[in-house]
Amino acid sequence: MHPKNSLKTRLMIACALAAFVSPLSALAEPVARGIWLGNTDGAAKTPPMGWNSWNAFRTEVDEAKVMGAAQALVDDGLARKGYIYVNLDDGWWQKRRVTDGRMIIRTRIFPSAATPDGTTSFRGFTDRLHSMGLKAGLYTDVGHNACSQAYDLHSPNLPEGTAGERQVGLDGHVSQDINLYFREWGFDYLKVDACGLADFAPDSKLVKDNGYIGLTPEIDRASLNRTDSVKVERRYAEVAAALKQANPDNDYVFSICNWGMANVREWGKEVGSSWRTSSDITPNWSSMLHNYDSAVKRALYAGPGHWNDPDILFIGAGDFDTDHLTEARSHFTLWAMLNAPLLISYDLRKAPQSLLDIWGNADLIAVNQDPAGNQAIVAYDSDDAQILVKTLADGHKVVALFNRTASPAKLNLLASHLKLKNDAPIQLTDLWSKAGITFTGETEFELAPHETRVFSVQGARELADGVYLSEIPGVINVADDGVREPQLDPTVHRMIDPWAGTRSGGSRPQYAGWGGAQADMTPYAQALQIGGHTYDSGIGVLGNSLLQVKNEGYATFRATVGVDDSTSNRDRAVSFTVYADGKLVAKTPPLKFGDAARDISADIAGHKIIELLVTDDNVANEQPVVVTWGEARLQK
Ligand code: GLA
C-alpha cells in the first residue's frame, strides 16, 4: 500500500480510538516525513493523449472502426502531435470462460482476435497499434459487471452466457485479468469503470430481469454518506498494485473511472494516473460546464503522473459540432488549461478539417503537455466568466478568458491576474488566431457567447527572483488536506441530469472535495485574509494539514501566515512549521484567530522536499480551522 494511505489509515484509526475514549479528544496530527509521499507509479508524466471509442461508437465498436481511427491519427499528423493512446472502451468482450476465468473477446467484431482453439487474443491488435507508433488501451470495471450491462441493454455487444460468464469485471479476478491484458495481450492503458459497484443491487429490477449475480452497492451516486469511499478506494488500490506488478517497466496508465464519486477527487492521485472527476460528458454546453467545474478548482491535487479527468472530449457532436466551433474551441482550450487527458472520441475516418484544426492546435497541445504539469489556477471567478492562468515550465504564463454564458461578456484582464508587474508592458499572443496584443496594467476584452480567448503571455514577474506556490501546483503534493469528513462541493455547475431529467426534486451537489487545499483562496472559496489584510497569492488550507513541495533550486521559503479571518472555528491556536528534507527549519508560535499575521522564512538551499505543516490543538468533533500561507513563495 502507498505510504500516504498507510498514514491516512493510521490517522483514521487514531481518530476512531480518540473518539471512543472521549468526544473531546485531540485529533491525530500529520507529521513531516522527509520523503516524497506523492505517487510516482505509471507513465502519465504529462496528461495522456489519444482516442477513445465511447463517445463515437458506444458499444457498437469494431476492429475496422478502431483501426480506422488509429490510421487517421497517424495520417492526419495527430499521432505526431502526441495523440498516441488508442483506447477501446466498453463492448469488446464476449464472456468470461467458466473453466478457468479467462476473458474471451467477441471475435465477430474483433476478427483478428480469433485463435484456432477459441481462446482469443488481442496480441495481434496491440502489435499492429505498436507497429504504427501508437499505444493500446482497454476498458474494464472494478465490480462484477460493466456499465453497458446496465445502460446499453439493447446492444448486440453485451457479454453472453450464464450469469457467471457475464461477470466480465475485475472483481475476484484482479491479477488474472491485469496479467492477461498487460503481459499477454500487451496493452499499455486501462480504464477501470465502477458501475459494478453502483448499479447491480441484488434485489434490483436490473439484476432480477437480467439474471445477474448482484453486488451490494458500495457507491450510491445520490449520496456521499451512503457510499463506502474507503472500500471503493481499497478496490482501486488493489488494481493499482496488480498493474504495478504486471508492468515492472512502469510504462502503463491507470485511468480510474468512478465519476467523481467516493471522494476520489481526494485520493485519486494516490492510486491512479487519472481519475474521472464527474459523470459522463454529453455533447451539451451545460454538461461541459459541469465536468469542467468538477476539475477546475482541484489544481493542487494534480501534477506530473496524476491528473484530474473531466472525461473524454465531445468535440464534433451536438453543441460542439462543426456548426458550433466557438463552443468546440472553448471545450478544447479549457481541457488544455486543466491538464485534462486529451482523448478525441469521434469517427476520425471522416473528420472535417475544421475539427482536425481544433484537436491539432499545436500551441494548445504544448500548453496541456507542458512538463511542469501546473494545472491552471482560477485568477478570476464567477458563474458568468472566469480567468484561468497556467504557469509553464519556463516560467511563462498562459491565460484563458472564458465566457460561460450565452450572452456577450466584457472582461478586464489585469496584470495582477497574471502576477505580473503593473507598470511594465505585457505581450499577449492569441493561441487560436496567433495575433498579438500589448498592454500595461489592464486591458478589456469583449467575448462572444461561450467564447474562450487564450493567450501566451510575456511580461515582468511580480516576484522577480522566485515563484509563488500558487503558481506551481504541479510540484505540490497535498499529503493531508486536513479535511475530516468528506464534504460535498457546492461549486460545480448543476445541470439538468442528462438521463434523469427533472424527475427529482433537483440536481444536488454530488462530489466530495469541499474544504480541500486551494491556490489563491481559502478551502471554502473566500479571499485569503489574515488580521484584515488580504493576500492575492497564497495557499488556503485547513489546520492539521501537510503540504509537500519539490524544491527545484530555490534557496529560501517565505510566507506570511495565520488563522484566516474567514474561519468559523475561532477558538483554536495553530502552529505553522516548515521542514526541509525532514529537518525543522522554521516554526511559528501558536497563532489564534485575530492575531496579526506572522512572517516565516526558512533556508532551504540544497534541500529537495519542503514540508509545510499546520498543527493545532483542535478536537475531533469541531469545525477545522481555516489557515492561510499568505504569499507563500520560493526565492533564489
Ligand atoms: C461509463 C463511463 C463511460 C463509458 C461507459 C461504457 O458510463 O463513465 O466513460 O466508459 O461507462 O459503458
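In this text, all values refer to a predicted model and were calculated from it rather than measured experimentally.

Trainee: How should the environment of Gly268 be read in this particular structure?
Mentor: Along the chain, the position of Gly268 falls in helix 9 (residues 264–271). In this structure, the C-alpha to C-alpha distance between Gly268 and His306, residues 38 residues apart in sequence, is 8.0 Å. Once you skip the residues sitting within four places of it in the chain, Gly268 turns out to touch Ile256 and Trp275.

Trainee: Would you explain the pattern of salt bridges in this entry?
Mentor: Pairing between side chains of opposite charge can happen when the charged atoms of each approach one another. A full pass over the atoms with the stated rule returns 31 salt bridges. Across the salt bridge formed by Glu160 and Arg106, the nearest N and O atoms sit 3.0 Å from each other. With Glu160 in the loop between helix 5 (148–151) and helix 6 (174–184) and Arg106 in the loop between strand 4 (103–105) and helix 4 (123–131), this residue pair connects regions lying 54 residues apart in the sequence. For Asp293, the salt bridge goes to Arg404, with nearest N and O atoms at 2.8 Å. Taken together, the residues Asp293 in helix 10 (residues 285–296) and Arg404 in the loop between strand 13 (397–403) and strand 14 (409–414) connect sequence positions 111 residues apart. Of the two residues examined, Asp293 and Arg404, each falls in the buried class.

Trainee: Looking at this structure, I do not really get the nonpolar core. What am I missing?
Mentor: In a soluble, globular protein the nonpolar side chains are often hidden away together inside. Trp92 and Trp359 are the most contacted members of the largest nonpolar core, which totals 114 residues. If you look at the next biggest cluster of nonpolar residues, it comprises 35 residues, including Val467, Val475, Ile539 and Val561.

Trainee: What's the story with the sheet that holds strand 25 (residues 545–550) in this structure? I'm lost.
Mentor: Within a sheet, adjacent strands bond to each other through the backbone by hydrogen bonds, running parallel or antiparallel. The five strands are arranged 20-25-30-27-28 in an open sheet whose pairing can be described as antiparallel. Only two strands of the sheet have a single partner each, and these edge strands are strand 20 (476–480) and strand 28 (583–587). Averaged over all pairs of adjacent strands, the angle between their axes in this sheet comes to 25°, without regard to strand direction. Where strand 25 lies against strand 30 (residues 609–616), six bridges are found, and the strand directions are antiparallel.

Trainee: Looking at this structure, I do not really get helix 9. What am I missing?
Mentor: One full turn of an α-helix is made of 3.6 residues, so residues set three or four places apart face in the same direction. Where burial is concerned, most of helix 9 is hidden: eight out of the eight residues are buried. Looking at helix 9, one finds that the buried residues are Val264, Arg265, Glu266, Trp267, Gly268, Lys269, Glu270 and Val271.

Trainee: I would appreciate a short explanation of helix 6 in the present structure.
Mentor: All of the buried residues along helix 6 are Val174, Asp177, Ile178, Leu180, Tyr181 and Phe182. Relative to the axis of helix 6, the buried residues are bounded by an arc of 170° and lie together on one face. In this structure, the buried side of helix 6 is in contact with strand 3 (93–96), strand 4, strand 5 (135–141), strand 6 (189–193) and helix 8 (229–246). Following helix 6 by one or two positions, Gly186 has its phi on the positive side, about 85°.

Trainee: I would appreciate a short explanation of the packing of aromatic side chains in the present structure.
Mentor: The description of an aromatic ring pair uses the distance of the two centres, along with the angle that the planes make with each other. For the structure on display, the rule yields 25 aromatic pairs. Between Phe122 and Trp185, the ring centres sit 5.3 Å apart and the planes meet at 90°, which makes this aromatic pair edge-to-face. Here Trp185 lies in the loop between helix 6 and strand 6 and Phe122 lies in the loop between strand 4 and helix 4, a separation of 63 residues in the sequence. As far as the burial class goes, Phe122 and Trp185 line up, both buried. Ring geometry for Phe125 versus Phe187: centroids 6.4 Å apart, planes at 45°, classification tilted.

Rules behind the numbers
Per chain, residues are indexed from 1 in the order of the written sequence. In view of the model being predicted, local features appear only for residues whose pLDDT reaches at least 70, and side-chain atom pairs are presented and counted only at 80 or more, with totals across whole chains, interfaces and linings using the full set of residues. Calculation of side-chain values draws on the structure's entire complement of heavy atoms; hydrogens and water are dropped beforehand. Under the scheme used here, helices are H or I runs from DSSP no shorter than 4 residues and strands are E runs no shorter than 2 residues, and both carry numbers assigned from the N terminus. We call two residues in contact whenever any of their non-hydrogen atoms come within 4.5 Å of each other. One speaks of a salt bridge when a side-chain nitrogen belonging to Lys or Arg is within 4 Å of a carboxyl oxygen belonging to Asp or Glu. Relative accessible area decides the class of each residue, using a 1.4 Å probe on protein chains only: under 20% of the type maximum gives buried, over 50% gives exposed, and in between gives partly exposed. By convention a nonpolar core is built from buried Ala, Val, Leu, Ile, Met, Phe, Trp, Tyr and Cys residues, the set being connected through side-chain atoms within 4.5 Å. Only strands joined by at least two bridges in the DSSP assignment are considered to pair. With axes taken as lines fitted to C-alpha atoms, and helix axes fitted only over the stretch in contact, angles between N-to-C directions fall between 0 and 180 degrees. Our arc is simply the arc of the directions from the helix axis toward the C-beta atoms. Between rings of Phe, Tyr and Trp, where Trp is taken as its six-membered ring, a pair exists when centres lie within 6.5 Å; planes separated by under 30 degrees are stacked, by over 60 edge-to-face, and by other angles tilted.

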